[in-house]
Amino acid sequence: MTIQKDSVVGISYVLTNNAGMELDQASASDPFFYLHGASNIVPGLEEKLEGLKVGDKRQVSVDPIDGYGEINPALKIKVGRDAFPSGTEIEVGMQFAADVGNGQPMPFTVENVDGDEIFLDGNHPLAGETLNFDVEVLSVRQATDDELSHGHAHGPEGHADH
Ligand code: ZN
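Reading the values: rules and limits
Residues numbered from 1 in each chain as written. Predicted model: local features only at pLDDT ≥ 70, side-chain atom pairs only at ≥ 80, totals over all residues. Heavy atoms only, no water. Salt bridge = Lys/Arg side-chain N within 4 Å of Asp/Glu carboxyl O. Domains from an automatic or database assignment. Helix = DSSP H or I, 4+ residues; strand = E, 2+ residues; numbered from the N terminus. Buried < 20%, exposed > 50% of the residue type's maximum accessible area, 1.4 Å probe, protein only. Donors = N, O, S within 2.8 Å, 3.2 Å for Na, K, Ca; no water. Tetrahedral: all angles 85-135°; square planar, octahedral: opposite > 155°, others 65-115°. Pairing = 2+ DSSP bridges. Axes fitted to C-alpha atoms, helices over the stretch in contact; angles between N-to-C directions.

## Details of the pattern of salt bridges
Item 1. Under the counting rule described, the total for this entry stands at 7 salt bridges.
Item 2. A salt bridge links Glu-147 to Arg-141, with the nearest nitrogen and oxygen atoms 2.9 Å apart.
Item 3. Through salt bridges that share partners, Lys-76, Glu-111 and Asp-121 make up one connected network.

Have a look at this one:
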């Protein structure tokens with residue numbers, strides 16, 4: 001069986017950036033499962049896995065535009081400490097959700113703290129990164145009806161209690 005729309009695919013992978021730093025991984029003993037064709041994974045990787053079968057290995061380089069996007073400078077903002085509830089401990093690396101006016105809370109990370117000025121970044125942590133996947137296909141099966149209606153994979157056997 002080859003990977004096509006509505007396949008549930010188990011992969012192992014190592015993800016590195018162009019500097020060679022490991023960003024993420026899934027081992028063969030604890031594979032990552034996804035539903036093919038449902039945008040569960042970045043488009044640049046999904047496209048390259050199409051048509052592969054168990055045992056196939058690929059090295060896939062995904063440009064930011066087909067990964068987590070380019071860095072959007074408009075999502076780097078500066079706010080005053082008074083934008084936070086008083087007494088809030090604010091530290092670099094902290095993440096929280098903020099409503100920026102469209103009713104959809106979006107995640108921001110504290111990039112820097114300079115006195116009463118807080119520098120925030122709403123970009124995905126991997127925005128602007130070229131993603132280098134070293135990936136192996138470990139399993140391919142047809143998705144269950146539940147998986148198709150949920151739009152995601154339910155592990156090796158397709159069972160989930162939600
Ligand atoms: Zn589900």
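## A few points about the domain arrangement of the protein
Item 1. With domains assigned, the protein is organised as domain 1 (7-68 + 128-150) and domain 2 (73-121).
Item 2. Centre-to-centre separation of domain 1 and domain 2, based on C-alpha positions: 32 Å.

## A look at unusual backbone geometry
Item 1. The phi dihedral of Asp-6 falls on the positive side, at around 75 degrees, and the residue is not glycine.
Item 2. We note that Ser-39 has phi near 55 degrees; this positive angle belongs to a residue other than glycine.
Item 3. In this fold, Ser-39 is placed in the loop between β3 (32-35) and α1 (43-49).
Item 4. Classification of Ser-39 as exposed rests on a relative accessible area of 63%.

## A closer look at the coordination of the zinc ion
Item 1. For the zinc ion, the full set of protein donor atoms is His-150 (ND1), His-152 (NE2), His-154 (NE2) and His-162 (NE2), and the range of their distances to it is 2.0 to 2.1 Å.
Item 2. One can describe the site at the zinc ion as tetrahedral: its 4 donor atoms subtend angles covering 100 to 125 degrees at the metal.
Item 3. If you list the donors of the zinc ion from N- to C-terminus, the spacing comes out as H-x1-H-x1-H-x7-H.

## What to know about the sheet that holds strand β5 (residues 76-80)
Item 1. Here 4 strands make up an open sheet; going across it, the order is β5-β8-β7-β6 and the pairing antiparallel. In this open sheet, the two strands that pair with only one neighbour each are β5 and β6 (95-99). Each strand of the sheet is rotated relative to its neighbour by a mean of 45 degrees, with strand direction disregarded.
Item 2. Relative to strand β8 (residues 117-121), strand β7 (residues 105-114) runs antiparallel, the two being bridged by 5 bridges. Among the inter-strand pairings, Val-110 is bridged to a residue of β8, identified as Leu-120.

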